[in-house]
Amino acid sequence: MTDTFNDRDALVEAITREVLVALGAGGAGVDPNDPCAGCVQGCAAQCATKVRSLMESGADRIEYHGDANDVPLDLARYIDHTLHKPDASAADIDKLCDEAAEHNFASVCVNPTWVRRAANRLRDTDVAVASVIGFPFGATPSDVKAFETRRAVRDGAREIDMVINIGALKSGQHDLVRDDIARVSDACHEVGAINKVIIEAALLSDAEKIIVSRLAREAKADMVKTSTGYAKGGATVYDVALMREAVGPKMGIKAAGGIRTAEDVQEMIAAGATRIGASAGVKIVSGQGGASGRY
């Protein structure tokens, strides 16, 4: 995708065609209006169209076995142990860090004001500190997001979860969205930190999910992430599968929002997620999770 794609419909059509080609459903002699024609897989694991049709027929979960079919038994290293509540206290942050160290989670994800405290608490562990930028609405200017990122990494964050400019995406301002992501990616990569781009999938059409996932990849982001947890819906297997197909096999995908059980985590990983954001991490790894919190 290049800047020559100024017409939104042409852009969506081009991206969708590329995704279908990558899935092996857009080759020569295949009707582009029938992406399932000629498909020999017959499974949701290889085709977003099949995932969509299953969801529309009433399925609320899909067992997806693509490249991530070997779901690990140890889920802890996939989990970002998360606390973004506005009333979280210093004691709450300390508890979060201690739990993450005890269970060997991938990271703790905290609001920027708590990054330095978390980094000091986790100094002698393998647990990374992540923070959120432009959170939860993504509506702050790009230069502010870049400044906020540099402050967070200076305080000890090595992973950044940024929220895209959702309104700009909805307005078709794709160059602005790409630049917004790129500024945070640049600020992260200056110190070897990683940028996870929250697309807030619950607010987007399928075409917009594909477009922004590709924009994030172009902007040198390291991961795309489903949700903040503050919108009308959280992570779904369908969205993770669609995002995986949009960005290809190498880019990371983080599923977040409403994930509360080990089963939820396993399904997200099977769909292509490489990281899980959850506030219920301890319950998930200890087998105490209750009913699914998925939207």
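The structure under discussion appears in the preceding block.
Just so it is clear, the structure is predicted and the values come from calculations on it, not from any experiment.

Colleague: I keep staring at the overall build of the protein chain and nothing clicks. Help me out?
Modeller: Along the protein chain, the regular secondary structure elements total 11 helices and 8 strands. The contacts of the protein chain with a sequence gap of at least 6 include a subset with a gap of at least 24, amounting to 67%. When the accessible surface of the protein chain is summed, it comes to about 13,200 Å², and 49% of that surface belongs to carbon and sulfur atoms.

Colleague: What should I look at first to understand helix H7 (residues 174–189) in this one?
Modeller: Helical geometry note: an α-helix holds 3.6 residues per turn, so side chains three or four residues apart project in the same direction. The end-to-end C-alpha distance of H7 is 22 Å, a good match for the 22 Å that 16 residues give at a rise of 1.5 Å each. Buried within H7 we find His-174, Val-177, Arg-178, Asp-180, Ile-181, Val-184, Ser-185, Ala-187 and Cys-188.

Colleague: What's the story with the sheet that holds strand S4 (residues 159–163) in this structure? I'm lost.
Modeller: Read around the barrel, 8 strands follow the order S1-S2-S3-S4-S5-S6-S7-S8 and close on themselves; strand pairing throughout is parallel. In this sheet, adjacent strand axes meet at a mean angle of 25° when their direction is disregarded. Pairing geometry for strand S1 (residues 79–83) and strand S2 (residues 107–110), over 4 bridges, is parallel. Note on S2: the bridge partner recorded for His-81 is Val-108. Across the sheet, helix H5 (residues 142–155) lies against strand S3 (128–133) and S4, angled at about 160° from S3, the strand it touches most.

Colleague: Where do I start with the pattern of salt bridges in this structure?
Modeller: Any two side chains of opposite charge can pair, on the condition that their charged atoms come close. Counting across every chain of the model gives 21 salt bridges. Of the charged contacts in the structure, one is a salt bridge between Arg-121 and Asp-94, with a shortest N-O distance of 3.7 Å. Residue Arg-121 is located in helix H4 (residues 115–121), and its partner Asp-94 is located in helix H3 (residues 90–103); the two are separated by 27 residues in the primary sequence. Since its relative accessible area comes to 40%, Arg-121 is described here as partly exposed. For Asp-94, a relative accessible area of 12% corresponds to the buried category.

Colleague: What am I meant to see in the pairing of S2 here?
Modeller: Strand residues, when the strand is regular, have side chains that alternate between the two faces of the sheet. Residues Ser-107 and Cys-109 of S2 are buried on one face, and the alternating residues Val-108 and Val-110, pointing to the opposite face, are buried as well. Viewed along the sheet, the connection from S1 through H3 into S2 turns out right-handed. In the sheet, S2 pairs with S3 via 4 bridges, with the strands oriented parallel. Opposite Val-108, over in S3, you have Val-129 as the bridge partner. In terms of handedness, the path from S2 via H4 over to S3 forms a crossover that is right-handed.

What counts, and where the lines are drawn
Residues numbered from 1 in each chain as written. Predicted model: local features only at pLDDT ≥ 70, side-chain atom pairs only at ≥ 80, totals over all residues. Heavy atoms only, no water. Helix = DSSP H or I, 4+ residues; strand = E, 2+ residues; numbered from the N terminus. Contact = heavy atoms within 4.5 Å. Areas by Shrake-Rupley, 256 points an atom, 1.4 Å probe, with all protein chains shown as cover. Expected span 1.5 Å × (residues − 1). Buried < 20%, exposed > 50% of the residue type's maximum accessible area, 1.4 Å probe, protein only. Pairing = 2+ DSSP bridges. Axes fitted to C-alpha atoms, helices over the stretch in contact; angles between N-to-C directions. Salt bridge = Lys/Arg side-chain N within 4 Å of Asp/Glu carboxyl O. Right-handed = clockwise from strand over helix to strand, strands pointing away.

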